[in-house]
Amino acid sequence: MSELRVYQDDKPEQPLTVTCDAAEISQQLADVGVRFERWQAAQPISAESQADEILAAYAAEIQRLKDEQGYVTVDTMSLASDHPAKDELRQKFLSEHTHSEDEVRFFVRGEGIFYLHIADKVYRALCCKDDLISVPANTTHWFDMGPEPDFTAIRLFNNPEGWVANYSGSAIADQFPKFED
Ligand SMILES: CSCCC(=O)/C(O)=C/O
Ligand SMILES: [Fe+2]
Ligand code: NI
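Under the annotation held in an unreviewed UniProt entry, the protein chain carries the name Acireductone dioxygenase and is attributed to Amphritea opalescens. We quote the UniProt Pathway (unreviewed entry) comment for the protein chain here in full: "Amino-acid biosynthesis; L-methionine biosynthesis via salvage pathway; L-methionine from S-methyl-5-thio-alpha-D-ribose 1-phosphate: step 5/6." On record in UniProt, under Subunit (unreviewed entry), the comment for the protein chain is "Monomer."

(A) Main features of the overall build of the protein chain. Helix and strand content of the protein chain: 5 helices and 12 strands. In terms of overall size, the protein chain behaves like a compact globule, its C-alpha atoms giving a radius of gyration of 16 Å where 181 residues would be expected to give roughly 16 Å. Projecting the C-alpha coordinates of the protein chain onto the three principal axes gives extents of approximately 45 × 40 × 30 Å. A buried classification covers 47% of the 181 residues belonging to the protein chain. Counting only contacts in the protein chain whose residues sit at least 6 apart along the sequence, the fraction spanning at least 24 positions is 74%.

(B) Molecular detail of helix H4 (residues 86-93). Those residues of H4 not exposed but buried are Lys86, Leu89, Arg90 and Phe93. Projected onto a plane normal to the axis of H4, the buried residues spread over an arc of 100 degrees and lie on a single side. Where H4 is buried, its residues contact strand S4 (73-79), strand S5 (97-98) and strand S10 (140-144).

(C) View of the UniProt feature "site: May play a role in transmitting local conformational changes" (unreviewed entry) in the protein chain. In this structure's numbering, the residues bearing the UniProt feature "site: May play a role in transmitting local conformational changes" (unreviewed entry) are Asp102. For Asp102, the location among the structural elements is in the loop between S5 and strand S6 (103-109). If we ignore the near neighbours within four places in the chain, the residues touching Asp102 are Gln69, Tyr71, Ser134, Val135, Pro136, Ala137, Leu156 and Asn158. Reaching out from Asp102, the side chain makes a polar contact with the side chain of Tyr71 at a distance of 2.7 Å.

(D) Broad picture of the site of ligand 1. Taken together, the residues surrounding ligand 1 are Met77, Phe93, His97, His99, Glu103, Arg105, His141, Phe143, Phe151 and Trp163. The protein chains hide 100% of the 320 Å² of surface that ligand 1 would expose on its own. A majority-of-atoms criterion places ligand 1 in the largest cavity. Contributing elements (two or more residues each) for the shell around ligand 1: S6 and S10. Split by residue class, the shell around ligand 1 holds 5 nonpolar, 3 polar and 2 charged.

(E) Seen up close, the UniProt feature "site: May play a role in metal incorporation in vivo" (unreviewed entry) in the protein chain. In this structure's numbering, the residues bearing the UniProt feature "site: May play a role in metal incorporation in vivo" (unreviewed entry) are Glu96. Tracing the backbone shows Glu96 in the loop between H4 and S5. On the basis of relative accessible area, Glu96 is assigned to the buried category, the value being 5%. Apart from residues lying up to four places away in sequence, Glu96 is in contact with His117, Thr140, His141, Trp142, Tyr167, Ser168, Gly169, Ser170, Ile172 and Ala173. In this structure the side chain of Glu96 is engaged in a polar contact, spanning 2.7 Å, whose partner is the side chain of His117.

(F) Quick look at the coordination of the iron ion (ligand 2). Within the protein, the iron ion (ligand 2) binds to His97 (NE2), His99 (NE2), Glu103 (OE) and His141 (NE2); these donor distances fall in the range 2.0 to 2.2 Å. Taken together, the 6 donor atoms surrounding the iron ion (ligand 2) define angles of 78 to 168 degrees at the centre, an arrangement classified as octahedral. Of note, the donors binding the iron ion (ligand 2) are all from one chain and are spaced H-x1-H-x3-E-x37-H. A residue pair is termed long-range when its members are at least 10 positions apart, and His97 in strand S5 and His141 in strand S10 qualify at 44 residues. Note on His141: relative accessible area 1%, which makes it buried.

(G) Molecular detail of the nonpolar core. Within the largest apolar cluster, 23 residues are counted, with the highest numbers of intra-cluster contacts made by Leu29, Leu116 and Ile133. Sorting the residues of this core by element identifies strand S1 (3-8), helix H1 (22-30), S4, H4, strand S7 (112-118), strand S8 (121-127), strand S9 (131-135) and strand S11 (151-157) as the ones contributing at least two each. Other than its neighbours up to four places away in sequence, Leu116 contacts Leu29, Val34, Lys121, Val122, Tyr123, Ile133, Val135, Thr140 and His141. Ranked by size, the runner-up nonpolar core spans 13 residues in total, among them Trp39, Tyr71, Phe106 and Ile154.

Definitions and cut-offs
Residues numbered from 1 in each chain as written. Chains lettered and ligands numbered in written order. Predicted model: local features only at pLDDT ≥ 70, side-chain atom pairs only at ≥ 80, totals over all residues. Heavy atoms only, no water. UniProt positions renumbered as here; feature names shortened; annotations may be inferred. Helix = DSSP H or I, 4+ residues; strand = E, 2+ residues; numbered from the N terminus. Rg over C-alpha atoms; globule rule 2.2 N^0.38 Å. Buried < 20%, exposed > 50% of the residue type's maximum accessible area, 1.4 Å probe, protein only. Contact = heavy atoms within 4.5 Å. Arc of directions from axis to C-beta. Polar contact = N/O pair within 3.5 Å; in protein donor to acceptor, adjacent residues only side chain to side chain. Near = heavy atom within 4 Å. Areas by Shrake-Rupley, 256 points an atom, 1.4 Å probe, with all protein chains shown as cover. 1 Å grid on protein atoms, 1.4 Å probe; cavity = no way out; pocket = protein on both sides within 12 Å on 5 of 7 lines; lining within 4 Å. Sits in = over half its atoms within 2 Å of the grid points. Nonpolar A, V, L, I, M, F, W, Y, C, P; charged D, E, K, R; others polar. Donors = N, O, S within 2.8 Å, 3.2 Å for Na, K, Ca; no water. Tetrahedral: all angles 85-135°; square planar, octahedral: opposite > 155°, others 65-115°. Core = buried A, V, L, I, M, F, W, Y, C linked by side-chain atoms within 4.5 Å.

Here is the structure:
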């Protein structure tokens, strides 16, 4: 189930607010410029569905975002707990960074936690199946897929080169509760 916890960025031990209500999550994130939506597939897909089937099932929503925001490339990213580099991949996202473009991710299956460091708050957004999140360009954030990742996400990009991260060098991500905490 989707969940949003909001923290003072220097008090990681105690959230200021917690909600699992999708409409409330959407509003709280919209208030800080982050898009959060729940999508429904136009046709059934399974855990075995391949990228083309997945992209076809969500073609209408993908096209809407492309038309609205000008995203030029879309792909899918899947990770399972038997991936030999799962620990390295987890760490790659687990340090505060920014991107020069929006970070747009839709969870086809599985879940992951986005930590958005905006002003003096950290918004810990647990995204699960059917959640779409769009983090504006240059927003400091990090992402935790957990120790046993098992997700498939659709990714939309402005930058044809795909994923490029600018690490802030901050250790803030080490202070906050991890996926398994
Ligand atoms: C769910 S896709 C992997 C996360 C990602 O692309 C990113 O930049 C996290 O900050
Ligand atoms: Fe990122
Ligand atoms: Ni801060």
